[in-house]
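Structural overview
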Amino acid sequence: MQKLNDLSRSPSPLDPDGTLIAVIELSLSSWLVAGIVPGVERQPLKKLAVDESALLKLLHRWREEAAKAGHRIKRIAVAFEAGRDGFWLARWLSARDIEAHVIHASSVAVSREHRRAKTDRLDTELLKRSFLGWLRGERDHCKMVAIPTTQDEDAKRPNREHESLVGEQSRIVNRMKAALIRLGIRGFNPKLKKAAERLDGLRTPEGEPIPPNTLAELRRDMVRRRLVSDQIRQIEDARLERLKQAPSDGPHAMVRLLARVIGVGVETADMLVQEVLSRSMRDRRAVARYAGLTGSPDESGRKRREKGLSRSGNARVRRGMIQLAWRFLMFQKDSTLAQWFRARTESARGTRKTMIVALARKLLIALWRLVREGVVPDGVVLRPA
């Protein structure tokens, strides 16, 4: 019996005589579609413009060719790699009774030659072999990505926009400080409310004012920083308003529960819920793998070494959990996890950075159990409900 959300193999048995198989190599300018049509000796390959209607017509034409060859098509299975196009095509095909799958690109085995030939035609052949093995039920032949709904994707946008705006704000401030340091001016904080008024009074070590072009650039940067700061505040206020309007909604209830843990803010709680905790993970190992907090051992013969984090998961969750792990040590000093970390780093020098990743992994699993099963981690202090 397969486990929940097991996307490593097809849940349905493959009937080669009644299944039309197609893979698509997507690009911005064109789509290359390769198929396996029952009863047709050739392996059809068709280049299309970026047009979903033309793709549907092509699949129906191949189905008619199979019918003429004496094969009644009961199932049309289409697959393509996850990429810039996202999941809209899979949802569009599924709405038209086409079985659509999105392949995790890093799960497809490729040649290890130093210089290997790579073309769209060769990529479609590789995808066909991988997809066919997956449909036959061969475990770990390739992995599929869970296709989210439009609402699920939209729920992630505020958090990701917030992260982007915070990074943009930091870049603006750093650029302003760098421009002033080039003139020998230090100690000026461009984030203060009256920073724009103080610009005219700044003087270089030679006693001269800021040059006019640099001054104009600084003023434009201050306007840009103020705009970005206002947008960040709007996103945060909108998030709090959504939590107030529907506090018992599934994801919102998880956010409110996580925010009760001292050391976890609403921003971090919302990011964790939208990115990982609201997904249907089959076990704690899947949670750690999705966050990219697992190791990547390299073992062959007598060689035994660890290459560090796999980094194949969600980078936002990984960064957020490592930052949260450091905060957790400050705000939850009496918890079992914090004591576990201190016991392994007190007498071992140079292990704090390595062990903080292990703590982040354990903490993520503990928070996953908290929102799924209501199990509060040992020694963790919660705010009043």
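Quick note: structure is the one above.
The structure presented is a predicted model; accordingly, all values stated were derived computationally and were not measured.

Before going further, it helps to spend a moment on the overall build of the protein. A tally of regular secondary structure across the protein gives twelve helices and seven strands. Its C-alpha radius of gyration of 27 Å places the protein more than 25% over the 21 Å reference for a compact globule of 385 residues. Looking at the 385 residues of the protein, the share that counts as buried comes to 40%. Within the protein, counting contacts between residues at least 6 apart in sequence, those at least 24 apart form 60% of the total. With an accessible surface of roughly 22600 Å², the protein has 49% of that area assigned to carbon and sulfur atoms.

Here the focus is the nonpolar core. Note that soluble globular proteins tend to have their nonpolar side chains buried in a common cluster. Formed by 42 residues in total, the largest nonpolar core has its most connected members in Leu258, Leu272, Val276, Leu277, Met321 and Leu364. Broken down by element, the residue count for this core peaks at 13 residues, all from helix α12 (residues 352-373). The residues contacting leucine 272, other than those within four sequence positions of it, are Leu258, Leu277, Val317, Met321, Leu324, Leu364 and Leu367. Listed in part, the 27 residues of the second largest apolar core include Leu55, Leu58, Ala66 and Ala90.

It is worth spelling out helix α1 (residues 52-68) at this point. For α1, built from 17 residues, the straight-helix expectation of 24 Å at 1.5 Å per residue is met to within 8% by its first-to-last C-alpha distance of 25 Å. For α1, the N-terminal cap is aspartate 51; the gap from its side-chain oxygen to the backbone nitrogen of serine 53 is 3.1 Å. Trailing α1 by a residue or two, glycine 70 shows a phi angle of about 95 degrees, which is positive.

A few words now on the side chain of aspartate 221. Looking at where aspartate 221 falls in the secondary structure, it is placed in helix α6 (residues 212-245). At 2.5 Å, the side chain of aspartate 221 forms a polar contact with the side chain of arginine 224. Here aspartate 221 is in contact with Ile172, Arg175 and Met176, once residues within four sequence places are set aside.

In space, the five strands of this open sheet follow the order β3-β2-β1-β4-β5, with mixed pairing throughout. The open sheet has two edge strands with one neighbour each: β3 (45-49) and β5 (99-103). Averaged over neighbouring strand pairs, the angle between their axes works out to 25 degrees when direction is ignored. In this sheet, strand β4 (residues 75-81) lies alongside strand β1 (residues 19-26) in parallel orientation, the contact comprising six bridges. Paired with alanine 22 across the strands is valine 78, a residue of β4. Strands β1, β2 (30-36), β3 and β4 of the sheet are contacted by α1, whose axis makes an angle of about 15 degrees with β2.

Applying the stated criterion across every chain yields a total of 20 salt bridges. A salt bridge links glutamate 138 to arginine 136, with the nearest nitrogen and oxygen atoms 3.0 Å apart. Lysine 303 is the partner of aspartate 298 in a salt bridge, and the nearest nitrogen-oxygen pair spans 3.3 Å. A residue is classified by how much of its surface remains accessible, and aspartate 298, at 15% relative accessible area, is buried. Here lysine 303 falls in the partly exposed class, since its relative accessible area comes to 38%. Connected via shared salt-bridge partners are Arg42, Arg61 and Glu65.

One pass over the structure, following the stated rule, counts three aromatic pairs. Relative to tryptophan 134, the ring of phenylalanine 131 has its centre 6.2 Å away and its plane inclined at 20 degrees; by these criteria the two rings are stacked. You can see phenylalanine 131 and its partner tryptophan 134 sitting in helix α3 (residues 120-135), three residues apart, about one turn around the helix. For the pair phenylalanine 131 and tryptophan 134, one class covers both residues: buried.

What counts as what
Residues numbered from 1 in each chain as written. Predicted model: local features only at pLDDT ≥ 70, side-chain atom pairs only at ≥ 80, totals over all residues. Heavy atoms only, no water. Helix = DSSP H or I, 4+ residues; strand = E, 2+ residues; numbered from the N terminus. Rg over C-alpha atoms; globule rule 2.2 N^0.38 Å. Buried < 20%, exposed > 50% of the residue type's maximum accessible area, 1.4 Å probe, protein only. Contact = heavy atoms within 4.5 Å. Areas by Shrake-Rupley, 256 points an atom, 1.4 Å probe, with all protein chains shown as cover. Core = buried A, V, L, I, M, F, W, Y, C linked by side-chain atoms within 4.5 Å. Expected span 1.5 Å × (residues − 1). Polar contact = N/O pair within 3.5 Å; in protein donor to acceptor, adjacent residues only side chain to side chain. Pairing = 2+ DSSP bridges. Axes fitted to C-alpha atoms, helices over the stretch in contact; angles between N-to-C directions. Salt bridge = Lys/Arg side-chain N within 4 Å of Asp/Glu carboxyl O. Phe/Tyr/Trp six-rings, centres within 6.5 Å; stacked < 30°, edge-to-face > 60°.

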